[in-house]
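Coordinate analysis (summary)
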Amino acid sequence: MSALAERPVAPGRRRRIVASPGKFLTWGGMAIFLILLFGVIASVVVNSFAGKWFDSWLPTSYSGQWYGTAWSQYDLTQVVLTTLIVAIVVVALSVLIGVPASYVLARKKFPGSKLVMLLFLLPIMMPPITYGIPLATLLNYYHLAPGLTGVILANLVPSVPFVVLTMTPFIEQINPSIESAARMCGASTSKLFVRILAPLLIPGMLASAVLVLVRTVGMFELTFLTSDSSSNTLVVALFTAMTGAGIRAQQSVDAMAVIYMLSMLVLLVVALRFVNPTQLVARVEDSKD
């Protein structure tokens with residue numbers, strides 16, 4: 001036999017797992033975090049189905065009535081409808097405003113363009129509460145808040161820059177010669193956008209739209225400061241149910257929390273299903289060719 005042949009491991013002999021202390025700490029920390037996170041989520045889900053739960057590891061009885069109670073008690077039909085209206089309108093306006101602004105910043109170089117990009121960065125980098133209070137005060141002064149209009153306008157402040165910062169690098173990677181060739185063939189500006197640029201920009205627009213949708217549904221600070229009882233979104237209604245005056249069954253609040261978690265989970269699944277970064281890169285590379 002060759003001297004390089006691998007020696008068989010003796011029966012009953014275990015292989016030692018060798019890893020650096022840093023890896024052990026990293027994987028150990030991740031494991032502890034996931035266990036704690038799973039424990040918190042599991043306790044909320046179990047409690048939302050609990051009929052009676054006293055001094056035991058698990059409830060003594062289960063019931064799904066708390067979901068019906070939460071749905072009627074907190075008027076979740078109106079809350080979910082308001083959440084959808086706010087999210088859809090914010091996404092549509094953000095894309096409608098952000099894509100042309102991204103095209104101008106990507107194609108036109110003018111004095112102060114870097115300053116403009118810095119201004120777009122501020123609403124994303126700063127905590128929403130820092131500019132949310134003066135923004136809510138301004139909207140109240142012009143009688144745009146509290147209400148649905150104020151919620152939509154407040155959520156546009158971080159959403160439009162988010163679209164601009166997502167789309168500007170995407171547009172910069174598209175070869176400008178494609179536009180030049182279309183113009184030489186007699187294409188007008190409207191036809192250039194509709195027939196040439198739109199198909200190339202759809203992946204980036206879809207990515208920014210889904211990300212803005214998830215961000216808007218989860219935005220608490222700006223919505224809380226500009227909403228009233230008729231324009232609360234799901235996240236604000238959940239906070240009100242937990243902290244508002246009155247006596248409420250904890251199971252119904254947990255049922256509402258599970259509904260919110262499922263809503264966010266559905267949005268994340270949609271984002272991962274239809275927005276694939278590798279597809280975006282592939283479309284950009286095709287446009288370069």
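Not measured: the values here are computed from a predicted model. (Residues numbered from 1 in each chain as written. Predicted model: local features only at pLDDT ≥ 70, side-chain atom pairs only at ≥ 80, totals over all residues. Heavy atoms only, no water.)

The secondary structure content of the protein amounts to twelve helices and two strands. The helix and strand sequence of the protein, counted from the amino end, reads α-β-β-α-α-α-α-α-α-α-α-α-α-α. Taking all 289 residues of the protein together, the buried fraction comes to 35%. Restricting to contacts in the protein with at least 6 residues of sequence separation, those with at least 24 account for 74%. A total of about 18,100 Å² of accessible surface is found on the protein, and carbon and sulfur atoms cover 70% of it. (Helix = DSSP H or I, 4+ residues; strand = E, 2+ residues; numbered from the N terminus. Buried < 20%, exposed > 50% of the residue type's maximum accessible area, 1.4 Å probe, protein only. Contact = heavy atoms within 4.5 Å. Areas by Shrake-Rupley, 256 points an atom, 1.4 Å probe, with all protein chains shown as cover.)

Looking now at the nonpolar core. Counting residues in hydrophobic clusters, the biggest one holds 26 residues, and the most contacted among them are Val90, Val99, Met167, Ile171 and Leu201. With residues up to four places along the chain from it excluded, the contact list for Val99 reads Ser94, Val163, Met167, Ile171, Leu201 and Met205. (Core = buried A, V, L, I, M, F, W, Y, C linked by side-chain atoms within 4.5 Å.)

What follows covers unusual backbone geometry. Between Ala145 and Pro146 the backbone carries a cis peptide bond, its omega angle lying at 0°. By the secondary structure assignment, Pro146 is in the loop between α5 (128-141) and α6 (148-172). Notably, Asp75 is not glycine yet its phi reads approximately 50°, a positive angle. Tracing the backbone shows Asp75 in the loop between α2 (65-73) and α3 (76-107).

What follows concerns helix α8 (residues 189-218). Here α8 is 30 residues long, yet its end C-alpha atoms lie only 37 Å apart, well below the 44 Å a rise of 1.5 Å per residue gives. Along α8, the sharpest kink reaches roughly 60°, centred on Ala198 and followed within four residues by the proline Pro199. (Expected span 1.5 Å × (residues − 1). Bend = angle between axes of the 7 residues up to and from the residue.)

For helix α4 (residues 113-125), with 13 residues, the first-to-last C-alpha span of 18 Å sits near the 18 Å given by 1.5 Å per residue. Here α4 has its buried residues at Ser113, Phe120 and Pro123. Taken end-on, α4 shows its buried residues confined to a sector of 80°, consistent with a single buried face. The outward face of α4, more than 90 degrees from its buried face, is lined by the exposed residues Lys114, Leu115 and Met125. (Arc of directions from axis to C-beta.)

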